[in-house]
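What follows is each chain in one-letter form.
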Amino acid sequence: MTDTKWDAAVIDSGSIYWKRNLVISLLGSFTTIVAMTLLLPFLPLYVEELGVSDRAAIVQWSGIAYGATFLAAAFVAPLWGRLGDIYGRKLMLVRASAGMTVAISLMGMAENVWQLVALRLFVGLAGGYSSGSMVLVATQTPKDRSAWALGVLASGIMAGNLVGPLIGGALPPLIGIRGTFLAAAGTIFLAFLATTFLIKEEKSSARKQAAKASGGWASIPDKAPVVAMLATGLLLMLANMSIEPIITVYVAQIMEDQSRVTMIAGIVMSAAALGSILSASRLGKLADRVGHWPVVAGALAVAGLLLIPQAFVTSSWQLIILRFLMGIALGGLLPCISAVIRHSVPDSAAGSILGLSVSSQYVGQVAGPVLGGFIGGHIGMRAVFLGTCVLLIGGAAYSWVARPRDATAPGHK
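Nothing here was measured: the structure is a model prediction, and the numbers come from that model. (Residues numbered from 1 in each chain as written. Predicted model: local features only at pLDDT ≥ 70, side-chain atom pairs only at ≥ 80, totals over all residues. Heavy atoms only, no water.)

Peer 1: What's the story with the overall build of the chain in this structure? I'm lost.
Peer 2: A tally of regular secondary structure across the chain gives 19 helices and zero strands. The globule rule puts the C-alpha radius of gyration for 413 residues at 22 Å, and the 21 Å found for the chain is close to it. Oriented by its inertia axes, the alpha-carbon framework of the chain measures out at about 65 × 45 × 30 Å. Within the chain, the fraction of its 413 residues that count as buried is 56%. (Helix = DSSP H or I, 4+ residues; strand = E, 2+ residues; numbered from the N terminus. Rg over C-alpha atoms; globule rule 2.2 N^0.38 Å. Buried < 20%, exposed > 50% of the residue type's maximum accessible area, 1.4 Å probe, protein only.)

Structure below.
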């Protein structure tokens, strides 16, 4: 079977194991994301335990240690995607879960802050389970169910981001910080076992040869939809993260009871994530029915419009509701981004391009807080909301203009 024919067969019918693969990928992604984010509540305490005593230095090293993982992952995601195209997507999940098991175990044995930062870098370099799962599910699921399946997987990933810090706040008092790392590593080891023995991937020697020869980007017949989705992924993360640095200060400005500021700020931050968790699979299912492009453009436009009243709220409950609604709107973007890319590139390049998509999202995740903090500090809080609104509305217009004109063509739904 030629690579082109194999592409068509996989996209239309998918793997006979796609449901089992989705369940294992969902559980594995959830557990690995929990393990990566659970250190947030106690990271400054661990940095101090490792010998850093100055308060400013503790904050600085905590930021470096946390960001190191995402910086490293942004660089290697396309590489792991390309290797997955050539050698198999399951192998990348086995590699990621094994690497994270080792790295997180060693974090619990770190003796100084330099070792902690190095291990956080290693997690970013060796990890990538959730992004690898996106590639596997996207390429093994039937075309007419792909956005729904990717939405389910995205919900699991976002749930991991929400649950991880909660577990990280509860476990250390019970088993200690080092014990928490070891418990997290043990959970990822279970994901490693499930991935190794339960995921079944249908391979193609034709795809392997095509992946070696194609070079990824050069093999894409129409690059405009892919570029639009890379930009959308960056905008999604930028929109989510640009508000994060100013939320606590913003909440403090609109609340009379200052003793509850941190609690309300945490609820505001979680509201968008909860909305996305609830909507991702539903909007993915809608995209399978009406098309991915209307959902992408509509989600960006609605989220952009919801930012306008956020700039003028007078109470915390208004902000919580608006952030929740914004999360619902943005929840459909991740599955649609992956589905559009999957249907716009040959199977031999799917991993490489989806890896680029992950990198673009990490760029947004890093740039968002930097831009939000700078604009909020120098121009004002409202400017952050209104500026992000302009970017999202512009992104909606761009994605609508960039959509393929032939909506009935394969991959252009």
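Peer 1: Help me out: how do you make sense of the environment of Leu283 in this one?
Peer 2: With respect to the helices and strands, the residue Leu283 is situated in helix H14 (residues 261-290). On a C-alpha basis, the gap between Leu283 and Ala147 in space is 8.2 Å, while along the polypeptide they are 136 residues apart. The residues touching Leu283, leaving out its near neighbours within four places in the chain, are Val295, Ile328, Ala329, Gly331 and Gly332. (Contact = heavy atoms within 4.5 Å.)

Peer 1: Can you help me understand the pattern of salt bridges in this one?
Peer 2: Opposite charge on two side chains permits them to pair, given that their charged atoms come into close proximity. As enumerated under the stated definition, the model contains two salt bridges in all. Put simply, Arg178 and Glu49 hold a salt bridge, and the shortest N to O gap is 3.5 Å. Note that Arg178 is positioned in helix H10 (residues 177-198) and Glu49 in helix H3 (residues 43-49), a separation of 129 residues in sequence. We classify Arg178 as partly exposed; its relative accessible area is 31%. For Glu49, a relative accessible area of 45% translates into the label partly exposed. With its nearest N and O atoms 2.5 Å apart, the salt bridge here joins Arg89 to Asp85. We classify Arg89 as buried; its relative accessible area is 2%. (Salt bridge = Lys/Arg side-chain N within 4 Å of Asp/Glu carboxyl O.)

Peer 1: Where do I start with a positive patch on the surface in this structure?
Peer 2: On the surface, Lys19, Arg145, Lys285 and Arg289 cluster together to form a positively charged patch. Note on placement: Arg145 falls in the loop between helix H7 (129-140) and helix H8 (146-170). Residue classification places Arg145 among the partly exposed positions, given a relative accessible area of 33%. (Patch = residues over 30% accessible without salt bridge, like charges linked within 9 Å, V, L, I, M, F, W, Y side chains within 5 Å. Areas by Shrake-Rupley, 256 points an atom, 1.4 Å probe, with all protein chains shown as cover. Lys, Arg positive; Asp, Glu negative; His and termini not counted. Charge placed at Lys NZ, Arg CZ, Asp CG, Glu CD.)

Peer 1: Got a minute to help me understand the side chain of Thr180 in this structure?
Peer 2: Tracing the sequence through the fold places Thr180 in helix H10. What Thr180 contacts, discounting residues up to four positions off in sequence, is Leu38, Phe42, Leu171, Pro172 and Ile175.

Peer 1: Help me out: how do you make sense of empty space enclosed by the protein in this one?
Peer 2: Any space left empty among the atoms is revealed by the rolling of a water-sized probe across them. A full pass over the atoms with the stated rule returns three cavities of 30 Å³ or more. Looking at the largest cavity, its volume works out to about 150 Å³. Trp80, Gly81, Ser131, Gly132 and Val135 are, among the 17 residues lining the largest cavity, the residues nearest its centre. When residues of the lining of the largest cavity are traced back to their parent elements, those giving at least two are helix H4 (55-87), helix H5 (89-107), H7 and helix H18 (350-378). When residues in the lining of the largest cavity are grouped by element, the largest group, five residues, is from H4. The residue makeup of the lining of the largest cavity, split by class, is seven nonpolar, seven polar and three charged. (1 Å grid on protein atoms, 1.4 Å probe; cavity = no way out; pocket = protein on both sides within 12 Å on 5 of 7 lines; lining within 4 Å. Points joined across faces, edges and corners; volume = space filled by probe spheres on them. Nonpolar A, V, L, I, M, F, W, Y, C, P; charged D, E, K, R; others polar.)

Peer 1: Help me out: how do you make sense of the packing of aromatic side chains in this one?
Peer 2: Any two aromatic rings considered together are summarised by their centre-to-centre distance and by the angle between their planes. The full count for this structure, using the stated rule, is six aromatic pairs. Arranged with centres 6.5 Å apart and planes meeting at 85°, the rings of Trp18 and Trp148 form a pair that is edge-to-face. Taken together, the positions of Trp18 in helix H2 (residues 18-37) and Trp148 in helix H8 put the pair 130 residues apart, joining distant regions of the chain. Note on Phe42 and Phe181: the rings are 5.6 Å apart at their centroids and 85° apart in plane angle, and the pair reads as edge-to-face. Of the two residues, Phe42 sits in the loop between H2 and H3 while Phe181 sits in helix H10, which places them 139 residues apart along the sequence. Take Phe42: its relative accessible area is 3%, and that puts it in the buried class. Accessibility expressed as a relative area gives 3% for Phe181, which makes it buried. Here a set of aromatic residues connected by ring pairs shows up, and it is made of Phe42, Tyr46 and Phe181. (Phe/Tyr/Trp six-rings, centres within 6.5 Å; stacked < 30°, edge-to-face > 60°.)

Peer 1: Explain the environment of Gly84 to me, please; I cannot follow it from the model alone.
Peer 2: Its location among the elements puts Gly84 in helix H4. On the basis of relative accessible area, Gly84 is assigned to the buried category, the value being 2%. Sequence separation between Gly84 and Phe374 is 290 residues, and the spatial gap between their C-alpha atoms is 38 Å.

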